[in-house]
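Coordinate inspection notes
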Amino acid sequence: MDTLGVALLGLDHWYAAHDLARQIAESPRARLVAVADPDERRARWTAETYGAGRWTTDYRTALDHPDVQVVATLTSTDRNLALVREAAALGKHIISVKPMALDMAGADLIVQTVRAAGVLLFPLECLGRLTPDRRRLKQWIAEGRIGQPLRFTHTLNSSLPQAWPGSTETGWWTEPARVPGGAWIDHAIYEVDTIRWLFDSAPVSVSGVVANKRYPDLGMEDYGVAIFTLAGGLTALIEDTWTADRGYGFSRREIIGSAGAICEDTSSWGRVSVRGNFGHEGWMALELLGRGHAGVVEHLVDHLRGEVPPIATVEDGRANLAACLAFYEAARTGRTVTL
């Protein structure tokens, strides 16, 4: 494999689609073969902006292209199952939208299809595993710099999604038939994967609440907070919202241990505070530690060349969705749900 041929199948999740297209354009080891989307304007603009070989309104045209080894299925979640099954049947490796299915029945079908085809499916919510920031957190925890991890907290205050850059419409994210939930799962699924990976532990129970604090007529929650208990006993609180003004928001993580703490502020301040076995105490700019973004495209090239194992698989996508759906059941019933 000289260069990895990639096709974008759908631009509904345009945030991820444009980032992937940029990664491909910047990589000497990959090329964007095709962009497919039912909206001709979106498909053409993306292809021309990022140097794709072609654009089309027909997914199958891109799927069937002989130079395509990997497809990114970035449609709305309700359409993902059918696309994944078609791509896997053709032996294409897959970067899948998050969440990858509406329910566990759909997730199980995806797992079965991918396993039977012998292809890799990389769940989009696992992207954080590849970033220097997240890898550094995992290393610090493994080295025991804060002792035994006791509590993890994530808070994200975000605004309503946009259907397309500059649009005032919210798009598929706020259509209940096309997604399993609203503001909470939109970003919390990334953090569910983060806690599973950082602490090498699975959630065993969850409780929490959802609410409409700013948009009572939205049709799905604009606020949610979950409290997970992991198999090792750690407590993880994950709070996500769509209640911020457009263009404003912040994201923070705290990991409290028996002998220290890490507080990471990844919003515009870009800094981390540490206490424990670090040789330093207090705030540091993340840029001083080295940030960057080791993207999924380069990782897939390395994996498909046999140089590294996959850092995430379809089973991770299933586990992340299962935890998120358990949260929604807990919020709906007002009780703690065992996973």
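Let us look at the structure shown here. (Residues numbered from 1 in each chain as written. Predicted model: local features only at pLDDT ≥ 70, side-chain atom pairs only at ≥ 80, totals over all residues. Heavy atoms only, no water.)

1. Topic: the layout of surface pockets
Reported here for the largest pocket is a volume of approximately 1200 Å³. Every residue lining the largest pocket is counted, 38 residues in all, and those nearest its centre are Arg134, Leu156, His187, Tyr190 and Ser251. Every element with two or more residues in the lining of the largest pocket is listed here: α1 (14-26), α6 (132-142), β7 (149-157), α7 (183-198) and β11 (250-257). The class makeup of the residues in the lining of the largest pocket is 13 nonpolar, 15 polar and ten charged. The computed volume of the second largest pocket comes to approximately 150 Å³. Residue lining of the second largest pocket: 13 residues in total, with Ile141, Pro149, Leu198, Phe199 and Asp200 positioned closest to the centre. Looking at the lining of the second largest pocket, the element that brings in the most residues is α6, giving three residues. Looking at the lining of the second largest pocket residue by residue, the class counts come to seven nonpolar, four polar and two charged. (1 Å grid on protein atoms, 1.4 Å probe; cavity = no way out; pocket = protein on both sides within 12 Å on 5 of 7 lines; lining within 4 Å. Points joined across faces, edges and corners; volume = space filled by probe spheres on them. Helix = DSSP H or I, 4+ residues; strand = E, 2+ residues; numbered from the N terminus. Nonpolar A, V, L, I, M, F, W, Y, C, P; charged D, E, K, R; others polar.)

2. Some details on the packing of helix α4 (residues 80-89) against helix α5 (residues 104-117)
One way to put it is that α4 packs onto α5 with a least axis distance of 9 Å and a crossing angle of 10°. Viewed along their axes, α4 and α5 adopt a mutual orientation that is roughly parallel. Mapping the contact onto sequence places Asn80, Leu81, Val84, Arg85 and Ala88 in α4 and Gly106, Leu109, Ile110, Thr113, Val114 and Ala117 in α5. Looking at the contact of α4 with α5, its residues break down into seven nonpolar, three polar and one charged. (Axes fitted to C-alpha atoms, helices over the stretch in contact; angles between N-to-C directions. Parallel < 35°, antiparallel > 145°, perpendicular 65-115°, else oblique. Contact = heavy atoms within 4.5 Å.)

3. Remarks on the pattern of salt bridges
Taken as a whole and assessed by the stated rule, the structure comprises 33 salt bridges. When the shortest N-O distance is used, the salt bridge between Asp12 and Arg178 registers 3.9 Å. Linking Asp12 in the loop between β1 (4-9) and α1 with Arg178 in the loop between β7 and α7, this pair joins segments that are 166 residues apart in sequence. Salt-bridge contacts for Arg178 lead to Glu175; the nearest nitrogen and oxygen are separated by 3.5 Å. Linked through salt bridges whose partners overlap, the residues forming this network are Asp12, Asp37, Arg42, Asp78, Arg79, Glu175 and Arg178. (Salt bridge = Lys/Arg side-chain N within 4 Å of Asp/Glu carboxyl O.)

4. Quick look at the pairing of strand β9 (residues 223-230)
The element β9 is extensively covered by neighbouring structure, given that six of its eight residues are classed as buried. Sheet topology places strand β8 (residues 203-211) next to β9; eight bridges connect them, and they run antiparallel. Bridge pairing links Val206 to Phe228 in β9. Where β9 hands over to strand β10 (residues 235-241), the hairpin turn is made up of four residues, of which Gly233 adopts a positive phi near 100°. (Buried < 20%, exposed > 50% of the residue type's maximum accessible area, 1.4 Å probe, protein only. Pairing = 2+ DSSP bridges.)

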